[in-house]
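Chain by chain, the residues run as shown.
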Amino acid sequence: PERNPEYSKIITPFHAERLESMIKEEHGGEVIFGGKCDPNQRYVCPTLIENPKISSKLMREEIFGPIFPIFEYKNIED
């Protein structure tokens, strides 16, 4: 998808770098899919991150990109 002209890109290299830093930071979770980024091409692969720390940058800031935190819970009220 990174070379496909039909695949949407991040608006600027700056914003792609911001998303890359969210993926690579110490968020305490596990990247279970994706994680590949090329800020020069404005490409960020859809990325799944399992159980990141609530206190991490990933969870404190708005993402505005294809990064999806996944959390486990025992009941729907959680």
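What counts, and where the lines are drawn
- The written sequence of each chain sets the order in which its residues are numbered from 1.
- Where local features are concerned, this predicted model is filtered to residues with pLDDT of at least 70; where side-chain atom pairs are given and counted, the filter is 80 or more; whole-chain, interface and lining totals use all residues.
- Excluding hydrogens and water, the side-chain figures rest on all heavy atoms present in the structure.
- Every helix listed is a DSSP run of H or I at least four residues long, and every strand listed is a run of E at least two residues long, numbered separately from the N terminus.
- Throughout, exposure labels follow a simple rule: accessible area from a 1.4 Å probe, protein chains only, divided by the maximum for the residue type, with under 20% read as buried, over 50% as exposed, and the rest as partly exposed.
- In plain words, nonpolar cores are sets of buried Ala, Val, Leu, Ile, Met, Phe, Trp, Tyr and Cys residues tied together by side-chain atoms within 4.5 Å.
- The working definition used for a salt bridge is a side-chain nitrogen of Lys or Arg within 4 Å of a carboxyl oxygen of Asp or Glu.

### Thoughts on the overall build of the protein
Logical step 1: From N to C terminus, the protein includes two helices and five strands.
Logical step 2: Secondary structure of the protein in N-to-C order comes out as α-β-β-β-β-α-β.
Logical step 3: Each of the three principal axes of the protein carries a C-alpha extent, and together these read 40 × 20 × 20 Å.
Logical step 4: Per-residue burial over the protein gives 27% buried out of 78 residues.

### Description of unusual backbone geometry
Logical step 1: For Arg42, which is not glycine, the phi torsion reads 60° and is therefore positive.
Logical step 2: Here Arg42 shows up in the loop between β2 (37-38) and β3 (43-44).
Logical step 3: Residue Arg42 is classed as partly exposed on the basis of its relative accessible area of 31%.
Logical step 4: For Phe64, which is not glycine, the phi torsion reads 50° and is therefore positive.
Logical step 5: Along the chain, Phe64 turns up in the loop between α2 (57-60) and β5 (67-70).

### Remarks on the nonpolar core
Logical step 1: Counting eleven residues, the largest nonpolar core consists of Ile10, Ala16, Leu19, Met22, Ile23, Cys37, Val44, Ile49, Leu58, Ile63 and Ile67.
Logical step 2: The dominant element in this core, judged by the number of residues it contributes, is helix α1 (residues 13-24), at four residues.

### Things to note about the pattern of salt bridges
Logical step 1: On inspection of all chains with the given rule, the structure shows three salt bridges.
Logical step 2: The shortest N-O distance in the salt bridge between Glu2 and Lys36 comes to 2.6 Å. In this pair, Glu2 sits in the segment before α1 while Lys36 sits in the loop between β1 (30-33) and β2, placing the two residues 34 residues apart along the sequence.
Logical step 3: Taking relative accessible area as the criterion, Lys36 reaches 47% and is therefore assigned partly exposed.
Logical step 4: Note that Lys24 and Glu20 form a salt bridge whose closest N and O atoms lie 3.2 Å from each other. Pair noted here: Lys24 and Glu20 are both in helix α1, with a separation of four residues, about one helical turn.

Distances and angles like these do not, on their own, reveal function.
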